[in-house]
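# Architecture at a glance
Here is how the chains run, residue by residue.
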Amino acid sequence: MSVESSVASESAGTAAEAGAEATARFRANKTIGAASSQERVARLAGRVIKAINDAVFEEQVTYDEYNALKSWLIRVGEDGEWPLFLDVWVEHSVEEVANSSRHGSKGTIEGPYYVPNSPARNTPASLPMRESEPGTPLLFQGQITGLSGAPIQDAKVEIWHADDLGFYSQFAPGLPEWNLRGTVLADAEGRFQINTVQPAPYQIPTDGACGQLIAAAGWHAWRPAHIHLKVSAPGYQMITSQLYFPGDPHNTDDIASAVKPELMLDVREQEDGQSRVTTYDFRLDPED
Ligand code: MBD
Ligand code: FE
């Protein structure tokens, strides 16, 4: 396939296709830890069930509304959108709880579109991309240190993001497998330089169950443009994060509630007027 035709054939695909892929990825990649104790299961499941029943009484929910909920939940599964639904509306609070005792860089949610084992390259590196990848070229650079600011050896940056049309490789048809996904190995001082293109804002699929809820509630489906990262080094806690671009209209109303002030990039125009550069440093907490 030529570069032109591969750009031209790129499309959103259907919600059910992206959902099926995200569901399969989750099943393949996430190992569920040791089962919780019976007490913990009873406590958590009991609270969630009680919260729903409380809402039924407080809102005087009708049978029509109960059946609408039932058919919608069935559809979430059929569309494979449980990963999307949970990562958009629930993961942000789980992340906040999980990382509340860290002292280093802030993290945020992983979302449904991470793929492990992306192609590894030494810094300075370009992410895998098409020959004429659309979008503004972006040099993303920085340094990975410990809490004291001392450089860390053998650090690496896993990075993945949407393209200039807002599509993720492996979750939208017509894109090369590893497009705009890579693992960059930092130098001996923890410094990295990554050439990529600036991602576009992302609209979650509107033709599936989540889109149906958004339309029915009069919400919007947008996330601000963002770069996903996992930064790690031996002896340190991995940080999962996302970085955002100043001025994006959805920085203040992200549907996934995953923007934090500490995650805003400072993006400069390069002298050529055609490309941009941004520097962001990571401080990793030691393993406990
Ligand atoms: C995304 O790209 C994303 O990052 C999240 C959290 C949810 C849906 C799509
Ligand atoms: Fe994303």
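In this report, we go over the structure that sits alongside the text. All values derive from a computational prediction rather than experimental measurement. Every residue gets a number counted from 1 within its own chain, in the order that chain's sequence is written. Numbering of ligands from 1 and lettering of chains from A proceed in the order in which they are written. The model is predicted, so local features are restricted to residues of pLDDT at least 70 and side-chain atom pairs to those at 80 or more, both for listing and for counting; the totals for chains, interfaces and linings are taken over all residues. To get the side-chain values, take all heavy atoms of the structure and skip hydrogens and water.

## Some remarks on the sheet that holds strand β5 (residues 181–185)
What the five strands build is an open sheet, ordered β1-β5-β4-β9-β10; its pairing is mixed. Both outer strands of the open sheet, β1 (120–122) and β10 (239–244), are each paired with one neighbouring strand and no more. Neighbour-to-neighbour, the strand axes of this sheet turn through a mean angle of 25°, independent of strand direction. Examined bridge by bridge, β1 and β5 share three bridges and lie parallel to one another. Note on β5: the bridge partner recorded for Arg 121 is Val 184. Strands are treated as partners if at least two bridges between them are detected by DSSP. Runs of H or I in DSSP of at least four residues are treated as helices and runs of E of at least two as strands, each being numbered from the N terminus. Fitted lines through C-alpha atoms serve as axes, helices being fitted only where they are in contact, and the angles separating the N-to-C directions of these axes extend from 0 to 180 degrees.

## A few points about the coordination of the iron ion (ligand 2)
Within the first shell, the iron ion (ligand 2) binds the protein through Tyr 168 (OH), His 226 (NE2) and His 228 (NE2), at distances of 1.9 to 2.1 Å. Sites may look incomplete because water is not among the atoms; the donors themselves are N, O and S atoms within 2.8 Å of the metal, or within 3.2 Å for Na, K and Ca. Sequence spacing among the residues donating to the iron ion (ligand 2) works out to Y-x57-H-x1-H. In this pair, Tyr 168 is assigned in the loop between β4 (156–161) and β5 and His 228 in strand β9 (residues 226–232), connecting sequence segments 60 residues apart. Here Tyr 168 and His 228 have matching classes, each one buried. Only protein chains enter the accessibility calculation, which uses a 1.4 Å probe. A residue is then buried if its area is under 20% of the maximum for its type, exposed if over 50%, and partly exposed in between.

## Thoughts on a nonpolar patch on the surface
A surface patch of nonpolar side chains, about 580 Å² in accessible area, is lined by Val 48, Ile 52, Val 56, Val 61, Tyr 63 and Tyr 66. Mapped onto the nonpolar patch, the elements with two or more residues apiece are α3 (38–59) and α4 (63–78). It is α3 that contributes the most residues to the nonpolar patch, three residues altogether. Inspection of the secondary structure puts Tyr 63 in helix α4. According to the relative accessible area criterion, Tyr 63 is exposed, its value standing at 65%. Excluding any residue in a salt bridge, patches collect residues exceeding 30% relative accessible area, merging like charges within 9 Å and nonpolar Val, Leu, Ile, Met, Phe, Trp and Tyr side chains within 5 Å. Accessible surface is estimated by sampling points in the Shrake-Rupley manner with a 1.4 Å probe; for residues, cover comes only from the protein chains shown. For this document, the term salt bridge refers to a Lys or Arg side-chain nitrogen within 4 Å of an Asp or Glu carboxyl oxygen.

## Topic: the site of ligand 1
Note on terminology: near, applied to a residue and a molecule or strand, indicates that one of the residue's heavy atoms is within 4 Å of it. Close to ligand 1 lie Leu 84, Val 88, Ile 109, Gly 111, Pro 112, Tyr 113, Tyr 168, Tyr 202, Ile 204, Arg 223, His 226 and His 228. At 2.8 Å from an oxygen atom of ligand 1 is found a side-chain nitrogen or oxygen belonging to Arg 223. In this structure, His 228 approaches ligand 1 through a side-chain N or O atom, which is 3.0 Å from an oxygen atom. Burial of ligand 1 by the protein chains amounts to 100% of its free accessible area of 260 Å². Identification of polar contacts relies on pairs of N or O atoms within 3.5 Å, with a donor-acceptor requirement for protein atoms, meaning one able to donate a hydrogen and the other able to accept it, and with residues adjacent in sequence counted only if both atoms are side-chain atoms.

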